[in-house]
Amino acid sequence: MRARLLALVLLLLLAGCSSGGTRDDGRITLRFQSLAWQEESVEANKALVKEWNATHPDVRVEYVQGTWDSVHDQLLTAFEGGEAPDIIHDASDDLADFAYGGYLADLTDLLPARLKSDIPQRSWATTTFGDGVYGVPFLQEPRVLIANAKWLRQSGARIPTPEKPWSWAEFRRITEHLSGQGKYGIAWPLKEPVSATLNLSLSAGGQLFHRGADGKVTVRFQAADQVVPRTIHEQVGTDRSASPTTLGSGGSDTLPGFFGGRYAMVPLGFSYRQQIVQQAPKGFDWQVLPAPAGAGGLTQGVSPQTLSVAEDCPHKKEAAAFIDFLLRPPNMVRLAIGDWMLPTGTRALGDPALRTSEHGWATGTALAGHLRPAPAQTVRGYPEWKDKVATPALQEYYSGAIGLGELRERLEEDGNLVLARYQR
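All values derive from a computational prediction rather than experimental measurement.

Quick word on the pairing of strand S12 (residues 286–290)
Step number 1: For S12, the tally of buried residues reaches four of five residues, placing the bulk of the element in the interior.
Step number 2: Sheet analysis places strand S8 (residues 143–148) next to S12, joined by five bridges and oriented antiparallel. Along S12, the bridge assignment pairs Val144 with Pro290.

A closer look at the pattern of salt bridges
Step number 1: Throughout the structure, instances matching the rule amount to 12 salt bridges.
Step number 2: Close ionic contact of Arg334 with Glu51 constitutes a salt bridge, the shortest N to O distance being 2.9 Å. Placement of Arg334 in helix H14 (residues 329–339) and of Glu51 in helix H2 (residues 39–55) is noted, with a sequence separation of 283 residues between them.
Step number 3: Linking Arg153 and Asp285 is a salt bridge whose minimum nitrogen-to-oxygen distance equals 3.0 Å. Of this pair, Arg153 sits in helix H7 (residues 149–155) while Asp285 sits in the loop between helix H12 (273–279) and S12, and the two are 132 residues apart along the sequence.
Step number 4: Bridged by salt links that share partners, the residues Arg172, Glu234 and Asp239 form one connected network.

Some thoughts on the sheet that holds S12
Step number 1: Pairing in this open sheet of three strands is antiparallel, and the strands run S11-S8-S12 from one edge to the other. This sheet does not close on itself; its edge strands, each paired only once, are strand S11 (265–269) and S12. Strand after strand, the sheet turns through a mean of 35° between neighbouring axes, direction not considered.
Step number 2: With five bridges connecting them, S8 and S11 associate as antiparallel partners. Each residue of the ladder has a partner; that of Ala147, found in S11, is Met265.

Re the packing of helix H9 (residues 193–201) against helix H10 (residues 223–237)
Packed helices, taken two at a time, are described by the angle between their axes plus the distance between the axes.
Step number 1: Taken N-terminus to C-terminus, the directions of H9 and H10 make an angle of 125°; their axes are 9 Å apart at the nearest point. In terms of their interaxial angle, H9 and H10 are classed as oblique. The element H9 and its partner H10 pack so that their crossing is right-handed. Packed against H9, whose contacting residues are Thr197, Leu200 and Ser201, the element H10 presents Ala224, Asp225, Val228 and Pro229 at the interface.
Step number 2: Taken together, the residues that form the contact of H9 with H10 break down as four nonpolar, two polar and one charged.

Some remarks on helix H17 (residues 382–399)
Step number 1: Where H17 bends most, at Ala390, the angle is about 40°, and the proline Pro392 comes one to four residues later.
Step number 2: For H17, the set of buried residues is Tyr382, Glu384, Trp385, Val389, Ala390, Thr391, Ala393, Leu394, Tyr397 and Tyr398.
Step number 3: Packed against the buried residues of H17 are H9, strand S9 (209–211), strand S10 (217–219), H10 and helix H18 (404–420).
Step number 4: In the segment just after H17, Gly400 is the residue with positive phi, at about 90°.

What counts and how
- Residues numbered from 1 in each chain as written.
- Predicted model: local features only at pLDDT ≥ 70, side-chain atom pairs only at ≥ 80, totals over all residues.
- Heavy atoms only, no water.
- Buried < 20%, exposed > 50% of the residue type's maximum accessible area, 1.4 Å probe, protein only.
- Helix = DSSP H or I, 4+ residues; strand = E, 2+ residues; numbered from the N terminus.
- Pairing = 2+ DSSP bridges.
- Salt bridge = Lys/Arg side-chain N within 4 Å of Asp/Glu carboxyl O.
- Axes fitted to C-alpha atoms, helices over the stretch in contact; angles between N-to-C directions.
- Parallel < 35°, antiparallel > 145°, perpendicular 65-115°, else oblique.
- Left-handed = near helix turned anticlockwise from the far one by under 90°.
- Contact = heavy atoms within 4.5 Å.
- Nonpolar A, V, L, I, M, F, W, Y, C, P; charged D, E, K, R; others polar.
- Bend = angle between axes of the 7 residues up to and from the residue.

Structure below.
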C-alpha cells in the first residue's frame, strides 16, 4: 500500500513539472511563462490569458510568472530537465544559444501571414538564426534622453527633435554648457555599459562585430565605434559635464539626483518613463528627447522582447495560435502601454494612444523606424565576451583607468580569443 502511495505521489509530481499536454478530457493545456513585472504589464498579460481561455475552451493557457533575473540560466535548466514552459517570454539577445542548441521551435511555418507582414523585417532579423525563426519580437524600446525641461529652457540650448536631433559633438557642447557649481549636464548610468555603448554606436556608424565570408565573427574597434565611448569618456574626464559617481549605477539609481536638480539629463530606456511618472516630485517638469545622431542618423540597436515556443512543446500549432492572439494589434497596444514600451507591429504603432505628446510617447514612436537589431544579436559567445572582456574594459576606460588604445586592444585581441572558441 505504501509503495502504491509513493508511486502516486511521484506521478503527481511529474505531472506538475510537465511543460503542458493533453488532459483526460481531451483539453490541451499550455504553460505561458511571462516576464512582465510592472503592475500594469502583469495585469494586461493576465487579462489577455483570461480572454483567450474564455474563447478557447479546448486549449487552456496557464499563466506562469517568471523574472528577468537570471532568466537565461533558469531556462537552460528547464530545457535540459525537460520542464520548459510551452510559450516563453524572453529577449532576442538571449535566444541565439537556445536556437542553435535545438531548444526552441522554428516558427517559420507556424505563424500566420498577418503577423509576419505586420512586423517589419528589421525586427524579424533579431529572432532569425540560420534559416529559422525562433521567436516573435513584439516589444522594443529606444534609448532616449530624459531631460529637466525647465533647466534646458533656461539654458537657452536648442531643444532637439527626432527631425533635427543633436549631433554627438553638439550634445557634448551642450552638456558642458549645462554644467557647473556642482551640477552636471548628464549622468550616465553605466553599471551595464556594453549594450548601451554598442547600441548607441550605431548612430555614429559603428558596427564592431564583422562577419566574414566564412561566417565567422571578429571584433574591430574602428573610428566609428569610438565616437560614443570617447564622448562619454571626455564628458567625465575632460569637460566635467558628466557625473563620475553614476558610472557604476543602474538607471533607477540616477533618478533621485535627477529629481533633485543635480543632473540636467539622464540617458535611459524608454520604459523608465513609468518610474519618472510615479516618483517625480509634484510639478517636476521633464521631457523626452531623442538620443544624439551621427553618421548613422538616429539609428540605434535594440533587442526586442520576444515570444518563443519550446521545441519539446507537444502542441506547437496551438502555442503559435495563442501568440497570434496575444499579438493582435489592439492586444499589442495593451501590452506596450502596460510596459511603457513600443510595439513592433506596424498597425499597433499607428494607434493614437501611442502618438500623444503626453509622457513623450510621440517622440518614442518617431524613433521606432530607426531601431535596428543590436550589433551582438547573432554573435555566438557574446555573453562571455560581454562579461569577461567588454564590461571590465569599458568600465575601466570610462573611469579613466585605461586609455582608448588599451580599450581597443582588449576588445579586439582578448575579445576575438573568446569568440574564436565558439566558432570552431
